[in-house]
Amino acid sequence: MTFLVNGRSFDDEPEPGQCLRTFLRSLGHFGVKKGCDAGDCGACTVWLDGDPVHSCITPAFRADGHEVTTIEGLGSPGDLHPMQRQFRDAPGFQCGFCTAGMIMTSAALTETQKDDLPRALKGNLCRCTGYRAIEDAVRGVTGVETAAPGKAVGTSVGAPAADDVVTGRAEFTMDTRLEGMLHLKVLHSPHAHARIVSIDQTAALAVPGVRRVYTWQDVPRKRFTTAIHTDHLVDPDDTLILDNTVRFVGQRVVAVLADTVGAAEEGCRRVVVDYDVMPAVFDPEEAMAEGAPQLHGAQDPFVRDPVHNILVEIHAHIGDVDAGFADADVIHEGTYSSPRVQHAHLETHGSIAWMEDGRLNVRTSSQSPSIAKTKLAHLFALRPDQLRVFCKRVGGGFGGKQEVISEDLVALATLDTGRPVCFEYTREEEFTTASPRHPMTLTVKLGAKADGTLTAFQVRNVSNTGAYGNHGGETLYAGGAAVMIYRCPNKKYDAFAVYTNTVPSGALRGYGMTQPAFAVESAMDELARALHLDPLELRRRNIVRPGDPLVALHDGPDDVMFTEDGLAKCIDLVDTAMARTAHEPSPGPDWLVGAGVASSLHETAPPTEHISEAWITLGDDLVYELAVGTVEFGEGTSTAHVQIAANQLGTTPERIRLVQSDTDRTGFDTGAFASAGLFVAGNAVLRAANAVRDRILEFAAAHTGVHVVMCSMDDDGVVCGEQRVSLADLVALARARGIRFTAARKGYGSPRSVTSNTQGFRIAVHRVTGEIRILYSVQATDAGEVVNPAQVRGQVDGGVAQGIGFALTENHQIDASGVMVNPNLRNYRIPTYADVPRTDVLLVASSDSVGPMRAKGMAECCINPVAAALANALHDATGVRYRALPLTPERIFSRLNEASPVSTAAGSKGTP
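In this numbering scheme, every chain counts its residues from 1 along its sequence in written order. Confidence filtering applies because this is a predicted model: local features only for residues at pLDDT of at least 70, side-chain atom pairs given and counted only at 80 or more, and all residues used for totals across whole chains, interfaces and linings. Side-chain figures throughout are based on the complete set of non-hydrogen atoms in the structure, without hydrogens or water.

Things to note about helix 24 (residues 789-808)
A run of H or I in DSSP becomes a helix once it reaches four residues, and a run of E becomes a strand once it reaches two; helices and strands are each numbered from the N terminus. Expected helix span is given by 1.5 Å per residue-to-residue step, counting one fewer step than there are residues. For helix 24, with 20 residues, the first-to-last C-alpha span of 28 Å sits near the 28 Å given by 1.5 Å per residue. Summary of the burial criterion: residues with accessible area below 20% of their type's maximum are buried, those above 50% are exposed, and those between are partly exposed, where the area comes from a 1.4 Å probe applied to protein chains only. Of all 20 residues making up helix 24, 17 are buried, and the element is well covered by its neighbours.

Have a look at this one:
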């Protein structure tokens, strides 16, 4: 066979049944990505004789005698195709993993197709951007700006890796080939709860190419938590690399190592496991009941109550809620539930390990290589100098990669064999074995006076942590922030993180706040209607203001600085925007129209210790090298860090060379999660940049004899009074004296501040089908002093899109045996281009007392109010209150003829 790829002829023969995607990657065309291997996401899109195709479902042999074009052949960094240039300049990407496929589809569109982008882009998914930026890119709208020297902060500069992303040259985790690399695959448990009686490896080891079969007897018997935090004690050490007890369908049972992926998969199929199946429990309320099956016995010291499967329980109160309810004129009580939700980042989990100079190297898709290194060193008794962990560009995370769930097995196999080992999750494994959002059921009880003043605020939260407790306790505590947003003298919070025989839950954007925000903001809306008050007015009367204590679970001191009235400003901006668009017409007579709002507060760093170190050095080439451990996976911290450094050093982003996320080349960094990438690592970068600047200015002052206060940075020089000295001369003079212009500084997650958001929707609901159409979407956000306006808008767009999926379409469904029934993108249904409206993103004029450059991290918090705002709009349209997510058409239709359940009059006491 002869293949013409990007104008070059190949005579390589594909394997029988091989798809075009894997064949092209074997030829070194790594711009062709794997997102699904089912034709659902479009990340693998290439041209076949000029027509875009999904290469993951195109047999490789069909390209014989035809011309294949990949993203690398469309254009190069020095010679971009117009569509590549448009995606760079919009910018039309965040993590960039879907970008190659998105560009290949977009570059082939006719003008007629561009007039119907919802249809034209239906085969390409993006989890990061919310599609607004992609639409701008396709239409040639430019958002990227050029920063003047020392003026980078506040400018929408482009990402440092932009040219590499749009040309497919940006390296993601799996974009490499190592000589002699072996492949690892996992056999997963078919049972929700069972003991392993025996494992017969004989048939598996007989498969040609199979090298090893690892069972629970072949791994270190060390308990650990897969969750990533600096303080590992906040999460329970309840997990083993491989265990002889399985507690959910999908848990690892055996790992097979082979020469090829196919051989490893066949080896897994031939392993014979004898199970002793035990009773299972899937509902957390049932799991807490007397006589329920116990997942973790009394020997586990981390379980609060093993008899009732309770990992953590919280009982906190302020004041006297009973007295508060007695004093209320109106009482509302409701129970709200939200389902398990998957991150669906298009790059699946994966790691590659190899030995080099006697050291273990692990290249991984992680949000924290520093802590992954710490865990691996613990598991395999390695000294820190025996181990390197690093990331290239990571294809989305959203908290899903705040776990160590692929690194341990490749480390095990490489240490055993001395060979390079690769382990890459399938899309089905992402759904069935990676850690989704915690399902939560919250009962909210509110009491208020007739004027809307809250008198009592009570919440009961039951969180399903799944089979293991990674993040179970921390997300439970984080949910207390939903109680913090409103002033009330009497508060009570009872919460339980409960083990069940389901996939372990984990961290997902919003981190324990999204589910309580849905419940509390829905309840506030219901209370407002019972009081005959405008929902925004009820919020205005009760939100916390600067000077108020941020009281949630206790009334003791904390490290949160609350100095800006950002939430009130957010509410006012959304109120104005909603009023301005209130009279837009309905889609037709069969549509019911309604509006809804919701708000949230979010702390700008986690309460657990968060640390980051930044190093900056001025090189002989007059480029500043900035080394920081924070990973880039679409949250935009790389761009912000470069901007902060350039701003303080009086130069442009082009003269900052970024080194990141490599434990050999950067300092410790807790990780890019909980908005700490900007807030903590950004402060480290700011301090390091200031230190290098001060050293340069002091040296220049001494050289010129001018007082240092008269000296300032000037791009590639220093102005001292009336003199200007070039950096080249200063570097040469310093080098002759043995001086280097370099500095290292640390940032810490304390003190912290808060950011706030208000979301508004106007929707139409079809009275026959239950379909929801979003007519208008607006979010106001308090991001402090904005470092990069385009990036902030992009993060809000992406957060709103994810929130829409959480509210309307996504549901990780399991059957009566604990088996997930929709483990693919097609049936799970993350939002597509057609599902996501353009959102008006309104930036509050504010500042911050402790953030870098007075900025706040806000990529996480923007998802929190979305579901509640949609639920409130749905009630406004239909008169029916829906308290369980997702708000699917069939669920809406089934209740459309019900009478409104909210009718408690002000001055009366009842439960609407």
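We are not done yet, so read on.
Focus: the pairing of strand 12 (residues 310-318)
Of all the 9 residues making up strand 12, 7 are buried; the element is thus mostly covered by neighbouring parts of the structure. Note that strand 12 and strand 20 (residues 491-499) share 8 bridges and pair antiparallel. Paired with E313 across the strands is F496, a residue of strand 20. Here a strand pair is declared whenever DSSP counts at least two bridges between the two strands.

A short note on the environment of R737
By secondary structure assignment, the location of R737 is in the loop between helix 23 (727-736) and strand 29 (742-748). Owing to a relative accessible area of 53%, R737 belongs among the exposed residues under this scheme. In this structure the C-alpha to C-alpha distance between R737 and A381, which are 356 residues apart in sequence, comes to 43 Å.

Brief notes about the sheet that holds strand 11 (residues 272-277)
In a beta sheet, neighbouring strands are held together by backbone hydrogen bonds and run either parallel or antiparallel to one another. Strand order in this open sheet of 3 strands is 9-7-11, and the pairing throughout is antiparallel. Of all strands in the sheet, those bounded by a partner on one side alone are strand 9 (245-246) and strand 11. With 2 bridges connecting them, strand 7 (residues 194-200) and strand 9 associate as antiparallel partners. What sits directly across from A194, in strand 9, is V246.

Here's the deal with a negative patch on the surface
A contiguous patch of negative charge on the surface is contributed by D11, D12, E13, E15 and D64. Relative to the helices and strands, D11 resides in the loop between strand 2 (8-10) and helix 1 (20-26). With a relative accessible area of 57%, D11 lands in the exposed category. Within the patch definition used here, like charges are joined within 9 Å and nonpolar side chains (Val, Leu, Ile, Met, Phe, Trp, Tyr) within 5 Å, considering only residues with over 30% relative accessible area and no salt bridge. A 1.4 Å probe and the Shrake-Rupley method give the accessible areas. Residues count as covered only by the protein chains that appear here. The term salt bridge refers to a pairing of a side-chain nitrogen on Lys or Arg with a carboxyl oxygen on Asp or Glu at a separation within 4 Å. Neither His nor the chain termini are counted; the positive set is Lys and Arg, and the negative set is Asp and Glu. A single reference atom marks each charge: NZ on Lys, CZ on Arg, CG on Asp, CD on Glu.

A word on the confidence of the model for the protein
Detailed conclusions should not be drawn from predicted coordinates in areas where pLDDT is low. Mean pLDDT over the protein: 95, with 98% of residues reaching 70 or higher. This model gives residues 899-912 a pLDDT under 50, and the stretch forms 41 contacts once residues within four places in sequence are excluded. The predictor attaches a confidence to each residue, and that confidence, scored 0 to 100, is pLDDT. Contact between two residues is taken to exist if any of their heavy atoms lie within 4.5 Å; hydrogens are not considered.

Here's the deal with the nonpolar core
Across soluble globular proteins, nonpolar side chains have a tendency to be buried as a group. Joining through side-chain atoms within 4.5 Å is the link that ties buried Ala, Val, Leu, Ile, Met, Phe, Trp, Tyr and Cys residues into a set, and such a set is a nonpolar core. Membership of the largest hydrophobic core comes to 172 residues, with the highest contact counts inside it found for F87, V444, F457, F761, I763 and L870. Those residues in contact with F457 that lie beyond four places of it in its chain are V321, V444, K445, L446, A482, V483, Y486, C488, N490, K491, K492 and V520.

Re the environment of M102
Looking at where M102 falls in the secondary structure, it is placed in helix 4 (residues 99-107). For M102, a relative accessible area of 1% translates into the label buried. Taking the C-alpha atoms as reference, M102 lies 15 Å from D164; in sequence the two are 62 residues apart. Beyond its immediate chain neighbours, meaning those up to four positions away, M102 contacts F87, L121, N124, L125, C126 and I134.

Describing unusual backbone geometry
The amide bond that connects S750 to the next residue, P751, takes the cis arrangement and shows omega of -5°. By the secondary structure assignment, P751 is in the loop between strand 29 and strand 30 (752-766). Omega for the peptide link from L885 to P886 comes to 0°, which places this bond in the cis form. Summarising the element assignment, P886 is placed in the loop between helix 26 (866-878) and helix 27 (889-893). Residues other than glycine seldom take positive phi values, yet Y511 does so here, at roughly 40°. Mapping Y511 onto the fold places it in the loop between strand 20 and helix 18 (514-530). Overall, Y511 belongs to the buried group, its relative accessible area being 15%.

With respect to the side chain of T670
Along the chain, T670 falls in the loop between strand 25 (656-660) and helix 22 (676-704). Its relative accessible area of 1% is what places T670 among the buried residues. A polar side-chain atom of T670 sits 2.5 Å from a polar atom in the side chain of T230. Ignoring anything within four residues of it in the chain, the contact list for T670 reads I228, T230, S368, I371, E609, H610 and I611. Polar contact is defined as a pair of N or O atoms within 3.5 Å, subject to the rule that within protein one atom must be able to donate a hydrogen and the other to accept it, and that residues adjacent in sequence are counted only when both atoms are side-chain atoms.

So, the packing of aromatic side chains
Two rings from Phe, Tyr or Trp (for Trp, the six-membered ring) form a pair when their centres sit within 6.5 Å of each other. Planes less than 30 degrees apart are called stacked, planes more than 60 degrees apart edge-to-face, and all others tilted. Scanning the model with the defined rule gives 9 aromatic pairs in all. Seen in terms of ring centroids, F97 and F172 are 5.2 Å apart; in terms of plane orientation they differ by 85°. Their pairing is edge-to-face. Taken together, the positions of F97 in the loop between helix 3 (82-89) and helix 4 and F172 in the loop between helix 8 (162-166) and strand 6 (182-188) put the pair 75 residues apart, joining distant regions of the chain. For the pair formed by F97 and F172, the shared burial category is buried. Between F699 and F741, the aromatic rings sit 5.5 Å apart at their centres with planes inclined by 75°, giving edge-to-face as the arrangement.

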